[in-house]
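Structural features, examined
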Amino acid sequence: MAETFALTRRPVRRARTLAARLGAELLLLALLGALPWLVFWPWFAANPADQATVPLGDMTELHYPYRRWIHQALRQGDLPLWNPFLLAGHSAVGDLQFGLFYPPSRLTDWLHRESDLPLQALEQQVVAHLGLAAVGLYLWRRTATGSRAAGLAGALVFALGGALLTFPVQQVIILETIAWLPWILLCLERGLRPGGALWRLGGGLLLATAALAGHPQTLVFVLLAVLADGLFTLWREGLGWRGLARLALMGGVAAGLSAVQWLPALEHLGETDRTLTSYQFARTGFAPRDLLGLLWPPAFGGRPLYLGLATLCLAAVALAGRTDRPVRLLWGGVALGALLLSLGGHTFLYRALYAVLPGANLFRNHERLVLLVALGLAVLAGEGLRDLLEDRGRPLARPALGLALGLGGLSLAVGLGTTLAALGAPPEGQTALLALGEAGLWAALLGALLGGVFAGRLRGLLAGRWTAGLLLLHLVLDLATAHGANNLRPGAPDQLLAPTPTVTFLQAQPGRFRVASEGLLPGDGNAGSLFGLEDIVGNTPLRPAGWRDFEAVVPEVERWRLLDVAYVVTRRDLADPRLRLVHQEGEVRVYATQLDRPGRAFVLFDWVAAGSPAAARALLATVEVRRTAVVEGPATLSPAGAGQATVTVQHERPDRLALTVRLSAPGLLVVSGSYAPGWRATVDGQPAPVLRVDRALRGVLLPAGAHQVEFVYRPTSLLVGAALSAGTLGLTLLGLGALAIRRLVPGRRAQPR
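This structure is a prediction, so every number in the text was calculated from the model and none was measured. (Residues numbered from 1 in each chain as written. Predicted model: local features only at pLDDT ≥ 70, side-chain atom pairs only at ≥ 80, totals over all residues. Heavy atoms only, no water.)

Attention now goes to the overall build of the chain. Across its full length, the chain carries 28 helices and 20 strands. C-alpha extents for the chain along the principal axes are approximately 105 × 80 × 55 Å. In the chain, the share of contacts with a sequence separation of at least 24, taken over all contacts with a separation of at least 6, comes to 73%. In the structure as shown, the chain presents an accessible area of about 32000 Å², 62% of it carried by carbon and sulfur atoms. Positive and negative side-chain charges of the chain, numbering 67 and 51 respectively, have mean locations separated by a distance of 13 Å. (Helix = DSSP H or I, 4+ residues; strand = E, 2+ residues; numbered from the N terminus. Contact = heavy atoms within 4.5 Å. Areas by Shrake-Rupley, 256 points an atom, 1.4 Å probe, with all protein chains shown as cover. Lys, Arg positive; Asp, Glu negative; His and termini not counted. Charge placed at Lys NZ, Arg CZ, Asp CG, Glu CD.)

Listed below in structure tokens is the structure:
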């Protein structure tokens with residue numbers, strides 16, 4: 001009886017042990033996910049006195065206006081493909097930075113479906129992605145090493161280091177792209193081996209999600225890391241061609257699922273001048289002096305490089321150890337290579353790569369490669385901590401102790417030296433010297449604490465668990481102190497982009513019109529998307545090249561007339577009889593234009609054809625744009641030279657314009673809105689070619705008589721991309737269904753080969 005009772009208790013004990021371990025793991029994951037919320041708690045403080053928000057920058061002046069406009073369009077039942085509120089109209093599906101198909105953004109829209117999208121919603125999304133990166137890094141390294149300490153160390157270095165807590169918080173799409181990388185590497189870890197089909201499909205889905213976030217340069221970093229880790233795993237495991245096919249399958253799934261975004265993006269990229277850039281444009285990166293940021297975060301511009309003194313010491317332990325040497329050399333090489341390339345044109349390495357790599361001119365700001373530096377050092381820090389906790393690894397604490405004390409001593413010397421130098425420095429130099437001095441003294445204290453932990457481990461005074469706990473606490477203290485206040489500005493989020501009296505004045509004006517804001521409203525060049533004001537300025541690096549030519553050649557007042565600008569917002573004192581001052585707020589003036597504005601569409605009876613963009617630009621400088629247009633495209637009618645016309649707007653939406661046009665002679669109907677390849681036109685129900693007019697506008701040729709003309713923005717690239725994505729999704733779901741059947745139906749389970 002006693003033996004039977006004992007046998008029945010064993011499964012219960014095992015179940016309880018498993019439940020306890022699972023509960024501990026889930027609690028750990030929850031704490032990791034919540035840690036970024038703790039760092040940025042002032043963003044969500046209930047007490048007004050404690051509230052803070054993100055400083056003005058890319059989040060507030062680029063990403064938030066875009067997402068708020070998309071949110072409003074979706075609430076109104078519109079398909080947000082074309083944004084009418086910047087550059088007299090701009091492709092929201094072609095400009096990747098809108099992130100139109102990024103799933104978490106659309107989830108955020110659904111959560112706020114009953115209200116406007118607040119800035120705090122984007123802050124919440126930022127914090128959630130930091131937590132996502134931390135949890136993903138932990139699971140990846142925990143799976144790869146079997147060590148909880150290695151996973152925790154890597155997660156803290158990656159998610160709390162300067163690589164993620166500095167510029168990616170503002171440049172949200174960078175963070176949203178890189179946050180999926182650890183999860184993709186986790187799927188890669190399991191998916192390249194036999195029986196990992198579900199992981200392969202999951203990896204393809206996550207890679208597509210990263211692609212949809214909208215930052216191509218960071219996506220290239222993600223692809224490089226995946227390719228390096230994938231090829232390394234194929235070589236190490238001897239997986240051969242089958243493994244390579246599995247890696248290609250993951251990439252194919254990702255490409256197919258994200259085609260709905262990248263096909264329109266490639267089409268739009270061809271309309272910009274990013275493909276015509278030079279080495280001088282692309283060479284930017286860290287300056288060599290910024291490398292001091294590895295030791296002291298305020299040093300010059302190298303704050304993103306600061307990943308903690310403990311990280312450097314643990315990475316040294318990993319490289320000194322003999323366990324999993326190939327893995328450590330791989331990620332050490334990734335970190336070192338990325339660090340060298342992050343210097344951009346300051347090194348011969350980048351200059352050589354620029355000369356041989358196609359497409360190298362598309363990207364700049366190579367300091368963003370710090371993301372791969374952080375990934376590599378996060379892996380090494382975890383590996384070093386794993387070594388340090390093993391009894392046979394205790395001697396490895398000796399070089400770590402020497403490095404910690406050496407860095408601490410150097411920091412103390414720098415801290416004291418710069419503090420003393422600041423006492424005799426001129427006021428303009430004191431701030432930088434004092435900041436470096438404070439950082440040096442703080443680093444000296446951290447180095448001393450770090451040395452104490454390594455000394456205790458070396459002498460056997462600290463057990464493995466205590467060593468791990470103290471080093472992890474050191475990482476949190478160091479990194480959260482260095483970067484926790486980087487993106488905090490006192491004040492409530494809802495006041496940061498509040499409408500000014502000038503905005504209120506413009507919103508109160510009747511009718512449909514455009515403004516020329518010169519970036520002087522809250523939200524800078526994208527204020528129109530925030531406040532519903534159709535603007536002819538816009539803050540985007542993906543500005544069409546034709547728009548650049550239009551601004552460079554056509555006189556300012558003529559641009560205002562052609563684009564239906566009713567109000568000009570400026571700090572200039574414009575003494576022009578065609579302008580009337582109607583509002584002033586401090587230095588900001590609002591002028592009403594007294595121009596013979598032709599409205600949203602007009603007809604010209606004289607035009608000249610240009611065979612190339614260069615020819616069009618040259619011709620544009622020679623014609624009077626109020627009477628003669630420069631057209632690019634199939635000019636099937638000859639100009640009449642003179643005539644009468646009336647244009648009536650029947651229906652206007654952001655992506656659709658219906659007009660009734662009556663002409664006494666053949667003419668060119670010009671829409672005072674931006675041209676893009678995705679615009680289609682019908683005349684009396686029949687397709688008609690859309691012409692590029694004056695390098696920036698769009699138009700269609702009409703014979704004499706009365707016509708019903710309709711313009712619709714539906715890019716072919718979007719339709720093809722949507723079909724590819726839908727087909728890939730269908731095949732992926734079929735694959736998942738087949739896997740489920742093989743697992744659930746007896747006798748159908750696949751055997752590993």
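In this section: the layout of surface pockets. Taken as a whole, the largest pocket spans an internal volume of roughly 1000 Å³. In this structure, the largest pocket is lined by 38 residues; those nearest its centre are Leu96, His215, Pro216, Gln217 and Phe363. For the lining of the largest pocket, the secondary structure elements donating two or more residues are helix H2 (58–75), helix H8 (172–178), helix H10 (197–212), helix H11 (216–237), helix H12 (240–257) and helix H13 (259–269). Residue contributions to the lining of the largest pocket peak at six residues, all from H13. Classifying every residue of the lining of the largest pocket by side-chain character gives 20 nonpolar, 14 polar and four charged. For the second largest pocket, the calculated volume is near 640 Å³. Lining the second largest pocket are 23 residues, and of these Val220, Phe221, Leu224, Leu341 and Leu357 sit closest to its centre. Contributing elements (two or more residues each) for the lining of the second largest pocket: H11, helix H16 (325–341) and helix H17 (348–356). Here the element with the most residues in the lining of the second largest pocket is H11; it accounts for six residues. Of the residues belonging to the lining of the second largest pocket, the class tally is 18 nonpolar, five polar and no charged. (1 Å grid on protein atoms, 1.4 Å probe; cavity = no way out; pocket = protein on both sides within 12 Å on 5 of 7 lines; lining within 4 Å. Points joined across faces, edges and corners; volume = space filled by probe spheres on them. Nonpolar A, V, L, I, M, F, W, Y, C, P; charged D, E, K, R; others polar.)

Turning next to helix H4 (residues 119–145). Taking 1.5 Å of rise per residue, the 27 residues of H4 would be expected to cover 39 Å, and the 40 Å separating its terminal C-alpha atoms lies within 8% of that figure. Of all 27 residues in H4, 19 are buried; the element is thus mostly enclosed. Downstream of H4 by one or two residues, Gly146 has phi in the positive range, about 75°. (Expected span 1.5 Å × (residues − 1). Buried < 20%, exposed > 50% of the residue type's maximum accessible area, 1.4 Å probe, protein only.)

Inspection of every chain in the model, using the stated rule, returns 16 aromatic pairs. Arranged with centres 4.5 Å apart and planes meeting at 25°, the rings of Phe40 and Trp43 form a pair that is stacked. No difference in accessibility class separates Phe40 from Trp43, as the two residues are buried. Measuring from centroid to centroid gives 5.8 Å for Phe232 and Trp235, while their planes differ by 45°, and the two rings are tilted. One end of the pair is Phe232 and the other is Trp235, both in helix H11 and three residues apart, which spans about a single turn. We classify Trp235 as exposed; its relative accessible area is 60%. When the ring centre of Trp140 is taken as reference, the NZ or CZ atom of Arg141 above it lies at 4.6 Å. Directly above the ring of Trp679 sits Arg698, whose terminal nitrogen or CZ lies 3.7 Å from the centroid. (Phe/Tyr/Trp six-rings, centres within 6.5 Å; stacked < 30°, edge-to-face > 60°. Lys NZ or Arg CZ within 6 Å of the ring centre and 35° of its normal.)

Quick look at the sheet that holds strand E15 (residues 667–674) now. Here we have six strands laid out as an open sheet, ordered E10-E15-E19-E18-E12-E11, and mixed in their pairing. Edge positions in the sheet fall to strand E10 (601–604) and strand E11 (607–610), since each of these pairs with one other strand and no more. Pairs of neighbouring strands in the sheet enclose a mean axial angle of 35°, with direction left out of account. In this structure, strand E12 (residues 629–632) lies alongside strand E18 (residues 691–693), joined through two bridges in antiparallel fashion. Its bridge partner being in E18, Val631 is matched across the sheet by Val693. (Pairing = 2+ DSSP bridges. Axes fitted to C-alpha atoms, helices over the stretch in contact; angles between N-to-C directions.)

Close contact between H4 and helix H9 (residues 181–191) brings their axes to 8 Å; oriented N to C, the two are set at 25°. Comparing the axis directions of H4 and H9 gives the class roughly parallel. Seen along the crossing, H4 lies across H9 with a hand that is left-handed. Across the interface between the two elements, Leu132, Ala133, Val135, Gly136, Leu137, Leu139, Trp140, Thr143 and Ala144 of H4 pack against Pro182, Trp183, Leu185, Leu186, Glu189 and Arg190 of H9. Residues belonging to the contact of H4 with H9 are distributed by class as follows: eleven nonpolar, two polar and two charged. (Parallel < 35°, antiparallel > 145°, perpendicular 65-115°, else oblique. Left-handed = near helix turned anticlockwise from the far one by under 90°.)

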